[in-house]
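Take a look at the letters that make up each chain.
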Amino acid sequence: MDENTTRLRASELEDSGDAGNNPTANLTMGEIIAARFNRRDLLRGSLAVAAISATLGQRALAANEQPAKKGLSPSFDFKEIEAGVDQTHHVAEGYDAQILLRWGDPLFPDTPEFDPASQTAEKQRRQFGYNSDFVGYIPIDGSSDHGLLVVNHEYTNEELMFPGVGVQDAKDINFSKMTKDLVDIEMAAHGGAVVEIRRRDGRWEVVRDSKYTRRITAETPMDITGPAAGHDRMKTAADPSGRKVGGMINNCAGGVTPWGTWLSCEENFNGYFWGKVADDHPEAKNYKRYGLGSPAYAWGRFHDRFDLAKEPNEPNRFGWVVEIDPFDPNFVPKKRTALGRTKHEGAAGITNQDGRYVIYLGDDERFDYVYKFVTAGKVDPQNRAANFGLLDEGTLYVAKYNADGSGQWLPLVQGKGPLTEANGFKSQADVLVETRRAADLVGATKMDRPEDIEANPQTGRVYVMLTNNTRRKEEQVDAANPRANNAFGHIVEMVPQGGDHAATAFAWEVLVKCGDPSVASVGATFSSETTKNGWFGMPDNCAIDSQGRLWISTDGNNAKATGRADGLWALETEGEMRGTSRHFFRVPVGAEMCGPFFTPNDETLFLAVQHPGEAEEGTPATFETPATRWPDFKDGMPPRPSVLVVTKQGGGKIA
Ligand code: FEO
Ligand code: CA
Ligand code: CA
Ligand code: CA
């Protein structure tokens, strides 16, 4: 069968549309390191040896099946699960994984029970949404047993949600199976949720009559704040102020701030817009750089604002980081434009030594960039309200990785360097609306799809998940970053100069190149203590627990090719065990692993199972014939993306 007719449009979007929209001649990480090793090669005569010894801060290069050697002390002691794939989830022995919230679960006392055969947008607005990605836990009164769960609902799979729709033919550009009612359900299933949860007698439960419960959708009224607010490029027929927008879309990962707000990140917003602007339209270059023009959804057929022919400025109002106060259900979410407009993966941050807040940001596209935002003001731990404007003022930087293991954060500030009026940047609003083009001009380093980035508060080191990049070519290959056709991704560790996250200098090295270390041609670099179950590919979301340990969830393991599903792995970053990975949890067939997030006491781990039952390439899966009916396993009930809570049997930390 024609591949185009069987691949899901939404999945292609998640996989970054195969676009690779960066047209610049900026050096890729591979090119930089190739340059570095070309010089060294003259001296050493061996690219491979030079590259490996110079760039891998770890012990060994091959996997085996041996347990940890005597004398080495791993920081994790759970017994790892077996890698594999089947219709359900698996967690390490001695732990419970409880399904807490499923797509369609009623969130309010008056919400009817979920019935996929009689779903409506009105019901969906009161139910848990689809495809949860980021999960954050915000304690109430500092508790690890009572708090607010904030969850992103990234996107929808119409073929699995709705009876009779089936896998739509990609050539059917009008999405003829979709109706306005179905589109409106999809819009209501996007966005996010705030849910109060409590642990009683060891079991977590949802508080159904909570005053905090909230569903945010693709239509929830939001404010646009920061330097781009009110700019002409943000104005539409429905919003002549350029300061009000309906909803958020494709919210992937995110973050939780120390002042207890939720940062939710709009990622592949491009896939929702129909139509085109003319080649000489002022936004033509902008929209090309963000990959508009191949809609994955039918929304533009029923809602004019998602059609460029009718509303050419609407895409400029998406692609932002949204800040939400989960403690106030009437809070108007704020799109914080100072943090730039990209395909934002996440927004995890850290309070810097001087009190400023620093947020690390990945732009998930092949050959796109790593960013950070440094607030102008300082976090005020005594006055919560004083922190609500913090994200509107500060400096956005993009990362440049030098060949010698040093790096610079390059400021994206109008008037500085090439960010001039002559280059189309008349104001900081222009720089932010076209963040990617600004970053192109200052000479940022092209990366292999930057996903989640997290700073370890105990060591100050920063971990960058680079999920994969199968477009990287042989001549761009080196040992420190990418491989050609980098199918499994890698992780870069960054060390801010002097432990100062606001500093513009940093050092970096590759922590691990992912994939199966027993296949030499893959070139993976897990430590030799890593078992055949312990390696992973396609790092995506990550979390650092309160003991400073790194946990990584994956997206994209093709079970047909590798025999393993996505899941959660724990990765040693310190000492002799550095580079050793261990398998903790795996998802059912077709799914991607999201979350992860720990309570402050490390006793509860929140995970999300996204798009369970989705087809693997070439195998249609539909509402009628899903690849699994997880987690209900009932006839007529499709698979349901869900959030799980993992706890240790008998209590205690997840270790
Ligand atoms: Fe939605 Fe970059 O993953
Ligand atoms: Ca996702
Ligand atoms: Ca992701
Ligand atoms: Ca991903």
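As the structure is a computational prediction, the values presented were derived from the model and not from experiment.

K.L.:
Got a sec to walk through the side chain of T337? Specific residues and values, please.
P.N.:
For T337, the position within the fold is in the loop between strand 13 (334-336) and strand 14 (348-351). Residues contacting T337, with those up to four places away along its chain left out, are I224, T225, G226, P227, A228, A229, M234, W320 and L432.

K.L.:
Account for the packing of aromatic side chains, with residues named and values stated.
P.N.:
Summed over all chains, the structure comprises 33 aromatic pairs. Between Y360 and W409, the ring centres sit 6.1 Å apart and the planes meet at 50°, which makes this aromatic pair tilted. Highlighted residues: Y360 in strand 15 (residues 356-362) and W409 in strand 19 (residues 406-411), separated in sequence by 49 residues. This pair shows no difference in class: Y360 is buried, exactly as W409 is. Measuring from centroid to centroid gives 5.5 Å for W409 and F506, while their planes differ by 50°, and the two rings are tilted. With a gap of 97 residues between them, W409 in strand 19 and F506 in strand 24 (residues 505-513) connect regions that are remote in the sequence. For the pair W409 and F506, one class covers both residues: buried.

K.L.:
A description of the sheet that holds strand 28 (residues 581-586) should follow, citing residues and the corresponding values.
P.N.:
Across the sheet, which stays open at both edges, the 5 strands sit in the order 1-28-27-26-25 with antiparallel pairing between neighbours. Single-partner strands in this sheet number two, and they are strand 1 (90-91) and strand 25 (539-544). In this structure, strand 27 (residues 567-571) lies alongside strand 28, joined through 5 bridges in antiparallel fashion. Of the residues in strand 28, the one forming a bridge with L571 is S581.

K.L.:
Lay out unusual backbone geometry in plain terms, naming residues and giving numbers.
P.N.:
Backbone torsion omega between W630 and P631 reads 0°, so that peptide bond is classified as cis. With respect to the element layout, P631 can be found in the loop between strand 30 (604-610) and strand 31 (642-648). Here the phi dihedral of N250 falls at roughly 55°; this positive angle occurs in a residue that is not glycine. Mapping N250 onto the fold places it in the loop between strand 9 (244-246) and strand 10 (251-256). Phi at F367 is positive, roughly 70°, even though this residue is not glycine.

K.L.:
I'd like a description of the coordination of the calcium ion (ligand 3), backed by residues and values.
P.N.:
Binding of the calcium ion (ligand 3) to the protein goes through C252 (SG), E345 (OE), E345 (OE), E451 (OE), D540 (OD) and D540 (OD), at separations of 2.2 to 3.2 Å. We note that the donor set of the calcium ion (ligand 3) lies within a single chain, spaced as C-x92-E-x105-E-x88-D. In this structure, the calcium ion (ligand 3) lies 4.3 Å away from the calcium ion (ligand 2). Residue E451 is located in strand 21 (residues 450-455), and its partner D540 is located in strand 25; the two are separated by 89 residues in the primary sequence. The residues E451 and D540 share a single accessibility class, namely buried.

K.L.:
Residue-level account of the side chain of T261, with values.
P.N.:
With respect to the element layout, T261 can be found in the loop between strand 10 and strand 11 (262-266). Its relative accessible area of 0% is what places T261 among the buried residues. Here T257 takes part through its side chain, which lies 2.7 Å from a polar atom of the side chain of T261. A distance of 3.2 Å separates the side chain of T261 from the side chain of W259, its partner in a polar contact.

K.L.:
Go over the pairing of strand 17 (residues 370-378) with me, naming the residues and quoting the values.
P.N.:
Note that strand 15 and strand 17 share 6 bridges and pair antiparallel. Bridge pairing in strand 17 places I359 opposite F373. Judged from the 5 bridges that link them, strand 17 and strand 18 (residues 394-401) form a sheet pairing that is antiparallel. Within strand 18, the residue paired with T375 across the bridge is G394.

K.L.:
Describe helix 11 (residues 435-442), naming the residues involved and giving the relevant values.
P.N.:
Every buried residue of helix 11 is listed here: T435, R436, A438, A439 and D440. Packing partners of the buried residues in helix 11 comprise helix 8 (284-289), strand 16 (366-368), strand 17, strand 18 and helix 10 (428-433). Backbone geometry just downstream of helix 11 places G443 in the positive-phi region, at approximately 90°.

K.L.:
If you had to explain helix 7 (residues 180-189) to someone new, which residues and values would you point to?
P.N.:
Within helix 7, 8 of the 10 residues are buried, leaving the element largely enclosed by the surrounding structure. Among the residues of helix 7, L182, V183, D184, I185, E186, M187, A188 and A189 are the ones counted as buried. Where the residues of helix 7 are buried, they touch helix 5 (121-124), strand 4 (146-153), helix 6 (158-161), strand 5 (191-200), strand 7 (214-216) and helix 9 (299-302). Where helix 7 terminates, the next one or two residues include G191, which has phi positive at roughly 105°.

K.L.:
Can you lay out the sheet that holds strand 31 for me, pointing to particular residues and giving the numbers?
P.N.:
The strand order across the open sheet formed by 4 strands is 2-31-30-29, and the pairing between neighbours is antiparallel. Of all the strands in the sheet, the pair left with one neighbour each is strand 2 (95-102) and strand 29 (592-598). Averaged over all pairs of adjacent strands, the angle between strand axes in this sheet comes to 25°, irrespective of strand direction.

Here is what the cut-offs are and how they apply
- Residues numbered from 1 in each chain as written.
- Chains lettered and ligands numbered in written order.
- Predicted model: local features only at pLDDT ≥ 70, side-chain atom pairs only at ≥ 80, totals over all residues.
- Heavy atoms only, no water.
- Helix = DSSP H or I, 4+ residues; strand = E, 2+ residues; numbered from the N terminus.
- Contact = heavy atoms within 4.5 Å.
- Phe/Tyr/Trp six-rings, centres within 6.5 Å; stacked < 30°, edge-to-face > 60°.
- Buried < 20%, exposed > 50% of the residue type's maximum accessible area, 1.4 Å probe, protein only.
- Pairing = 2+ DSSP bridges.
- Donors = N, O, S within 2.8 Å, 3.2 Å for Na, K, Ca; no water.
- Polar contact = N/O pair within 3.5 Å; in protein donor to acceptor, adjacent residues only side chain to side chain.
- Axes fitted to C-alpha atoms, helices over the stretch in contact; angles between N-to-C directions.

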